[in-house]
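# Notes for the structure review
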Amino acid sequence: METATINPVIHESWKEALGEEFAKPYFATLKQFLVEERKKHVVYPPGKQIFSAFNHTHFDNVKVVILGQDPYHGPGQANGLCFSVSDGIKMPPSLVNIFKEINSDLGYPIPTTGNLERWADQGVLLLNAMLTVRANEPGSHQGKGWETFTDSVIQRISKEKTGVVFLLWGRYAQAKEQLIDATKHHILKAAHPSPFSAYNGFMGCKHFSKANELLKSQGKKEIDWR
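Description of the structure in this document. (Residues numbered from 1 in each chain as written. Predicted model: local features only at pLDDT ≥ 70, side-chain atom pairs only at ≥ 80, totals over all residues. Heavy atoms only, no water.)

A rise of 1.5 Å per residue sets the reference length of helix 6 (residues 146–160), with its 15 residues, at 21 Å; its end C-alpha atoms lie 21 Å apart and thus fit the reference within 8%. Among the residues of helix 6, those classed as buried are Trp146, Glu147, Phe149, Thr150, Asp151, Ser152, Val153, Ile154, Ile157 and Ser158. (Helix = DSSP H or I, 4+ residues; strand = E, 2+ residues; numbered from the N terminus. Expected span 1.5 Å × (residues − 1). Buried < 20%, exposed > 50% of the residue type's maximum accessible area, 1.4 Å probe, protein only.)

Here's what the structure looks like:
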């Protein structure tokens, strides 16, 4: 793999917001780790999609943040947006449950594709804590530097923006609450949409309508969750 594969091909608004992160020693170490990792293993998502969340949702446009943990680790699944899969890929169970909740909450039919780019383009930052993973090994890129980077993303949004709606699903995402200024932003918490926990508080949370109500109350355009 060429070193360039992890050079931040990222929208200018994020380069401006996060420029100092890319210059820090931990990021150089992370880049080198990924260079070596790709020599020996298959890594998801493909290099050009690592920063997809940032290229679809520009810093100035962030209205809602959904936090995930790891990219999907199966062939063709991860596309750089948390919970999202590319067109033509079977929807993972957590994503099916997200669409079931939208159906219950807003009455929208369950779609045939799990590609969430349409949400991202409207201002929903679909952010995983780790932006890469080794094939078939969930959590394999934990502790390599991604969390430092994505924590700084959350902190920058919290500091520079107001009225962002953060959807924190499950314990891992809810641990990031400490990075968010709750006096300036809205935090909605529920169980993770995974089949193991969805019926312990995710189903029926109505986060999608609630997020839109919060945006509307600020005079912001609502998200079309279809």
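With that out of the way, let us pick up the nonpolar core. Counting residues in hydrophobic clusters, the biggest one holds 69 residues, and the most contacted among them are Phe54, Ile66, Trp119 and Phe149. Residues contacting Phe149, with those up to four places away along its chain left out, are Leu18, Glu21, Phe22, Tyr26, Phe27, Phe51, Phe54 and Leu131. (Core = buried A, V, L, I, M, F, W, Y, C linked by side-chain atoms within 4.5 Å. Contact = heavy atoms within 4.5 Å.)

Going through the model one piece at a time under the given rule, you end up with 10 salt bridges. A salt bridge links Lys24 to Glu21; the shortest N-O distance between them is 2.9 Å. Among the residues examined, Lys24 registers a relative accessible area of 33% and is labelled partly exposed. Given a relative accessible area of 7%, Glu21 falls into the buried group. Each of Glu37, Arg134 and Glu137 takes part in one network of salt bridges that share partners. (Salt bridge = Lys/Arg side-chain N within 4 Å of Asp/Glu carboxyl O.)

On to the layout of surface pockets. Its volume calculated, the largest pocket comes out at about 660 Å³. Gln69, Phe83, Ser94, His192 and Ser194 are, among the 32 residues lining the largest pocket, the residues nearest its centre. Those elements that place two or more of their residues in the lining of the largest pocket are strand 2 (64–68), helix 4 (93–106) and helix 7 (170–174). Its residues assigned to classes, the lining of the largest pocket comprises 16 nonpolar, 14 polar and 2 charged. (1 Å grid on protein atoms, 1.4 Å probe; cavity = no way out; pocket = protein on both sides within 12 Å on 5 of 7 lines; lining within 4 Å. Points joined across faces, edges and corners; volume = space filled by probe spheres on them. Nonpolar A, V, L, I, M, F, W, Y, C, P; charged D, E, K, R; others polar.)

Glancing now at the sheet that holds strand 2. Reading across the sheet, the 4 strands line up as 3-2-5-6 and stay open at both edges, with parallel pairing between neighbours. A strand with exactly one partner marks an edge of an open sheet, and here the two such strands are strand 3 (124–128) and strand 6 (186–190). Taking each pair of neighbouring strands and ignoring which way they run, the sheet shows an average axis angle of 20°. (Pairing = 2+ DSSP bridges. Axes fitted to C-alpha atoms, helices over the stretch in contact; angles between N-to-C directions.)

With that out of the way, let us pick up the packing of helix 1 (residues 12–22) against helix 6. In the contact formed by helix 1 and helix 6, the axes pass within 11 Å of each other and the chain directions differ by 140°. Between helix 1 and helix 6, the angle is such that the two are oblique. In this structure, the crossing between helix 1 and helix 6 has a hand that is right-handed. Two secondary-structure elements touch here, helix 1 through Trp14, Ala17, Leu18, Glu20, Glu21 and Phe22 and helix 6 through Thr148, Phe149, Ser152, Val153, Arg156 and Ile157. When its residues are assigned to classes, the contact of helix 1 with helix 6 shows 7 nonpolar, 2 polar and 3 charged. (Parallel < 35°, antiparallel > 145°, perpendicular 65-115°, else oblique. Left-handed = near helix turned anticlockwise from the far one by under 90°.)

Our focus in this paragraph is helix 8 (residues 207–217). What helix 8 keeps buried is the set His207, Phe208, Ser209, Ala211, Asn212 and Leu215. Residues of helix 8 that are buried sit in contact with strand 2, helix 4, helix 5 (117–121), strand 5 (165–169) and strand 6. At the C-terminal side of helix 8, Gly219 shows a positive phi close to 80°.

So, about the packing of helix 2 (residues 25–40) against helix 6. Closest axis-to-axis distance for the helix 2/helix 6 pair is 9 Å, and the angle between their directions is 130°. Relative to helix 6, the element helix 2 is oriented oblique. Residue-level inspection shows Tyr26, Phe27, Leu30 and Leu34 of helix 2 in contact with helix 6, the latter providing Trp146, Thr148 and Phe149. When grouped by side-chain class, the residues that make up the contact of helix 2 with helix 6 number 6 nonpolar, 1 polar and no charged.

The next point concerns the packing of aromatic side chains. Counting across every chain of the model gives 20 aromatic pairs. Here the aromatic rings of Phe51 and Trp146 are separated by 6.0 Å at their centres, their planes lie at 70°, and the arrangement is edge-to-face. With Phe51 in the loop between strand 1 (43–44) and helix 3 (52–56) and Trp146 in helix 6, this residue pair connects regions lying 95 residues apart in the sequence. Residue Phe51 is classed as buried on the basis of its relative accessible area, which comes to 3%. Ring pairs connect the aromatic residues Trp14, Phe22, Tyr26, Phe27, Phe51, Phe54, Phe59, Trp146 and Phe149, which therefore count as one cluster. Here the guanidinium or amino end of Lys161 rests over the ring plane of Phe59, the centre of that ring lying 5.3 Å away. (Phe/Tyr/Trp six-rings, centres within 6.5 Å; stacked < 30°, edge-to-face > 60°. Lys NZ or Arg CZ within 6 Å of the ring centre and 35° of its normal.)

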